[in-house]
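Structure at a glance
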Amino acid sequence: HVEHGARMVPFAGYAMPLQYDGILKEHARVRESVGLFDVSHMGEVWFRGPQALAVLNKLITNDLNRIDDGRAQYTAMCAPDGTIVDDLIVYRFSEQELLVCVNASNRHTDVAHMLEHAEPGATITDESDDWSQIAVQGPHGPELLGRVFGAVAAEMKPFRVRAFEYEGERVLISTTGYTGEPGGEIYLPNQSAAPVWRALMEAGADLNVGPAGLGARDTLRLEMAYCLYGNDIDRTTTPL
């Protein structure tokens, strides 16, 4: 990120790129072509076991029985008083394996809440330190994902998830962006993050690909009216 000219700032315990060549330019890049966000600060919590779906289902406000394997669900996890502990995205791989993406600033609070309120039948594992995440967002996002990961990645519909392989490593691609544009997020082992970032930059040169930081991420999600935890929703608000 420093090589790309990023202005780095502290965020949720991480050093994060706020902007590269300007928030307006990065905002327009995502709306008009394709931008890359390093969102490796986001948390990844896995539910595994014979009752994984049932256990997770009782912790959130949506019914995971209504989505099929390979699909995603945006939802909220609430405290007993109905206020919001965090907003989440759940990825259902099977009834025995589900991934929950949590906000970085809430990671430890979320995991503690899950462990306190979960019923038996599932293993809950915080693997946040083992995963990186790159968001590929913009009208050319699906095309860029297809160039690096194959045609199947380019053809994925919104709110889907599936596993791919990149240079021998298992990576996950989901189509649940935070900007309102097509594209997706790549969940991948830490050691694969920099090589995949460089591959995306190289493969998308003719698509005007470029990096985008936290500043543009905030203006994009505001324009789309997506909630930000701690700003629009928190322990003083309910889903209603």
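Read on for a plain summary of the structure. Counting restarts for each chain, with residues numbered from 1 along the sequence as it is written. Local features in a predicted model are, by the rule used here, given only for residues with pLDDT of at least 70; side-chain atom pairs are given and counted only at 80 or more, and totals for whole chains, interfaces and linings are based on all residues. Side-chain numbers come from the whole structure's heavy atoms, not from hydrogens or water.

Regarding the pattern of salt bridges
Counted as salt bridges are all cases of a side-chain nitrogen of Lys or Arg within 4 Å of a carboxyl oxygen of Asp or Glu. Enumeration over the complete set of coordinates arrives at 15 salt bridges. For the salt bridge of R147 with D206, the shortest nitrogen-to-oxygen distance reads 2.6 Å. Highlighted residues: R147 in helix α4 (residues 141-149) and D206 in the loop between α6 (190-203) and β13 (210-211), separated in sequence by 59 residues. Exposure classes here rest on a 1.4 Å probe applied to the protein chains alone. A residue is buried below 20% of its type maximum, exposed above 50%, and partly exposed in between. A relative accessible area of 55% means that D206 is categorised as exposed. Helix and strand definitions here come from DSSP, where helices need a minimum of 4 consecutive H or I residues and strands a minimum of 2 consecutive E residues; each element is numbered from the N-terminal end.

Considerations on the sheet that holds strand β8 (residues 123-126)
Hydrogen bonding along the main chain pairs the strands of a sheet, whether they run parallel or antiparallel. Any two strands between which DSSP finds at least two bridges are classified as paired. Across the sheet, which stays open at both edges, the 5 strands sit in the order β5-β6-β7-β4-β8 with antiparallel pairing between neighbours. The open sheet has two edge strands, β5 (71-78) and β8, and neither has a second partner. Averaged over neighbouring strand pairs, the angle between their axes works out to 25 degrees when direction is ignored. Pairing of β5 with strand β6 (residues 84-94), which is carried by 8 bridges, proceeds in the antiparallel orientation. When the sheet's bridge partners are listed, R71 is paired in β6 with R92. We call two residues contacting when some pair of their heavy atoms lies within 4.5 Å. Whenever a helix is involved, its axis is fitted only over the stretch in contact; in every case the axis is a line through C-alpha atoms, and angles between N-to-C directions fall within 0 to 180 degrees. Sitting on the sheet, helix α3 (residues 107-117) touches β4 (43-48), β5, β6, β7 (97-102) and β8, and the angle it makes with β6 is about 70 degrees.

Considering unusual backbone geometry
The phi torsion at F159 lies on the positive side, around 60 degrees, for a residue other than glycine. Within the fold, F159 resides in the loop between α5 (151-154) and β10 (161-166). Looking at F159, the relative accessible area reads 32%, which means it is partly exposed. Unlike most non-glycine residues, A225 shows phi in positive territory, near 65 degrees. Residue placement: A225 occurs in the segment after α7 (214-224).

A look at the sheet that holds β13
Strand order in the open sheet formed by 6 strands is β10-β11-β12-β9-β3-β13, and the pairing between neighbours is mixed. Either end of the sheet is taken by a strand with one partner, and the two such strands are β10 and β13. Relative to the sheet, α4 contacts β3 (35-38), β9 (131-137), β10, β11 (169-174) and β12 (183-189), its axis offset from that of β12 by approximately 35 degrees.

Some words on the pairing of β3
Here β3 pairs with β9 via 4 bridges, running antiparallel. Each bridged residue has a counterpart across the sheet, and for F37 the counterpart in β9 is A135.

Re α6
In a regular helix each residue adds 1.5 Å, so 14 residues correspond to 20 Å; α6 covers 21 Å between its end C-alpha atoms and thus fits that length. Within α6, the full set of buried residues consists of S192, A193, V196, W197, A199 and L200. Down the axis of α6, the smallest arc covering the buried residues is 170 degrees, so these residues share one side. Structural note: α6 exposes Q191, R198 and E202 on the side pointing more than 90 degrees away from its buried face. An expected span of 1.5 Å times one less than the residue number is assigned to each helix. For this quantity, the arc is that covered by the directions from the helix axis to the C-beta atoms.

Focus: the nonpolar core
In this text, buried Ala, Val, Leu, Ile, Met, Phe, Trp, Tyr and Cys residues form a nonpolar core when linked through side-chain atoms within 4.5 Å. Among the nonpolar cores identified, the biggest contains 24 residues, and V136, L144, F149, I173, I186, V196 and L200 are the most heavily contacted of them. Of all the elements in the fold, those that place two or more residues in this core are β9, α4, β10, β11, β12 and α6. Those residues within four positions of I186 in sequence are excluded, and the remaining contacts are S132, Q133, I134, V136, L145, F149, V171, L172, I173, V196 and L200. In terms of nonpolar packing, the next biggest core, distinct from the first, is built from 21 residues, M77, V90, L98 and I124 among them.

Brief notes about the environment of A6
When you line up the elements, A6 lands in the segment before β1 (7-11). For A6, a relative accessible area of 15% puts it in the buried group. When the C-alpha atoms of A6 and P17 are compared, they prove to be 5.5 Å apart, with 11 residues separating the residues in sequence. Not counting residues within four places of it along the chain, the set of residues in contact with A6 comprises H1, P17, Q19 and Y20.

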